[in-house]
Amino acid sequence: AVSLNNLGALRAASGDPKGALREYEEALAIREALVQSHPDGIDEMDALAQSHNNLGNLKEKFGDLAGALGAYESALAIRRELAEDQQEEDRFRDK
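Note that the coordinates shown come from a computational prediction; the quantities given were computed from them, not determined experimentally.

What counts and what doesn't
- Residues numbered from 1 in each chain as written.
- Predicted model: local features only at pLDDT ≥ 70, side-chain atom pairs only at ≥ 80, totals over all residues.
- Heavy atoms only, no water.
- Helix = DSSP H or I, 4+ residues; strand = E, 2+ residues; numbered from the N terminus.
- Rg over C-alpha atoms; globule rule 2.2 N^0.38 Å.
- Buried < 20%, exposed > 50% of the residue type's maximum accessible area, 1.4 Å probe, protein only.
- Contact = heavy atoms within 4.5 Å.
- Areas by Shrake-Rupley, 256 points an atom, 1.4 Å probe, with all protein chains shown as cover.
- Axes fitted to C-alpha atoms, helices over the stretch in contact; angles between N-to-C directions.
- Parallel < 35°, antiparallel > 145°, perpendicular 65-115°, else oblique.
- Left-handed = near helix turned anticlockwise from the far one by under 90°.
- Nonpolar A, V, L, I, M, F, W, Y, C, P; charged D, E, K, R; others polar.
- Salt bridge = Lys/Arg side-chain N within 4 Å of Asp/Glu carboxyl O.
- pLDDT = per-residue confidence, 0-100.
- Core = buried A, V, L, I, M, F, W, Y, C linked by side-chain atoms within 4.5 Å.

Glancing now at the overall build of the protein chain. Counting secondary structure elements, the protein chain contains four helices and zero strands. Put simply, the protein chain runs from its N terminus to its C terminus through helices and strands in the order α-α-α-α. Against the 2.2 N^0.38 benchmark of 12 Å for 95 residues, the protein chain shows a C-alpha radius of gyration of 13 Å, consistent with a compact globule. Projected onto its principal axes, the C-alpha coordinates of the protein chain cover approximately 40 × 25 × 20 Å. Taking all 95 residues of the protein chain together, the buried fraction comes to 35%. Contacts in the protein chain between residues far apart in sequence, at least 24 positions, make up 48% of those at least 6 positions apart. Total accessible area on the protein chain stands at roughly 5,700 Å², and carbon and sulfur atoms take up 51% of it.

Interhelical geometry of helix α2 (residues 17-37) versus helix α3 (residues 42-61) gives an angle of 160 degrees and a closest axis separation of 9 Å. Between α2 and α3, the crossing angle belongs to the class labelled roughly antiparallel. Between α2 and α3 lies a crossing of left-handed hand. Seen from α2, the contacting residues are Pro17, Ala20, Leu21, Tyr24, Glu25, Ala27, Leu28, Arg31, Glu32, Leu34 and Val35; seen from α3, they are Glu44, Met45, Ala47, Leu48, Gln50, Ser51, His52, Asn54, Leu55, Leu58 and Lys59. In terms of residue class, the contact of α2 with α3 is made up of 13 nonpolar, four polar and five charged.

The tally for this structure, following the rule as stated, stands at three salt bridges. The closest approach of N and O atoms between arginine 11 and glutamate 23, which form a salt bridge, is 2.9 Å. Within this pair, whereas arginine 11 is found in helix α1 (residues 2-13), its partner glutamate 23 is found in helix α2, the two being separated by 12 residues in sequence. Relative accessible area serves as the criterion here: at 28%, arginine 11 is assigned to the partly exposed category. Relative accessible area serves as the criterion here: at 7%, glutamate 23 is assigned to the buried category. A salt bridge links aspartate 46 to arginine 79; the shortest N-O distance between them is 3.2 Å. Here the residue aspartate 46 occupies a position in helix α3, and arginine 79 occupies one in helix α4 (residues 65-85), the gap between them amounting to 33 residues. For the pair aspartate 46 and arginine 79, one class covers both residues: buried. Here the salt bridges do not stand alone but share partners, grouping Arg11, Asp16 and Glu23 into one network.

Across the protein chain, the average pLDDT comes to 91, with 91% of residues at or above 70. The secondary structure element of the protein chain with the lowest average pLDDT is α4, at 94, and the one with the highest is α2, at 96.

We now examine the nonpolar core. Grouped together as the largest cluster of nonpolar side chains are 14 residues, with contacts concentrated most on Met45, Leu48, Leu55, Leu58, Ile78 and Leu82. Listing elements by their share of this core, those giving two or more residues are α2, α3 and α4. Looking at which element gives the most residues to this core, the answer is α3, with six residues. With sequence-adjacent residues up to four places away left out, leucine 58 is seen in contact with Ala12, Pro17, Ala20, Leu21 and Tyr24.

Structure below.
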């Protein structure tokens, strides 16, 4: 999933939003499956939030503001859950 995110970022920077969307959505699907199989996995949940955030960034950059809002809200919900459940983890307080 990390490599797919990297490819998505590269395609977005190269002006290929459709290609970037394809890569980001595949990474998101992988990370959703990982969270399903490891529901208590904080790293898996954090990675899933990052995938939603990446989609939000892409959609915002290319004018899909409603799509960006939905993606950012999904990322925020996961990160809030992590911050609440993992209060001893400083890394989730400022995301």
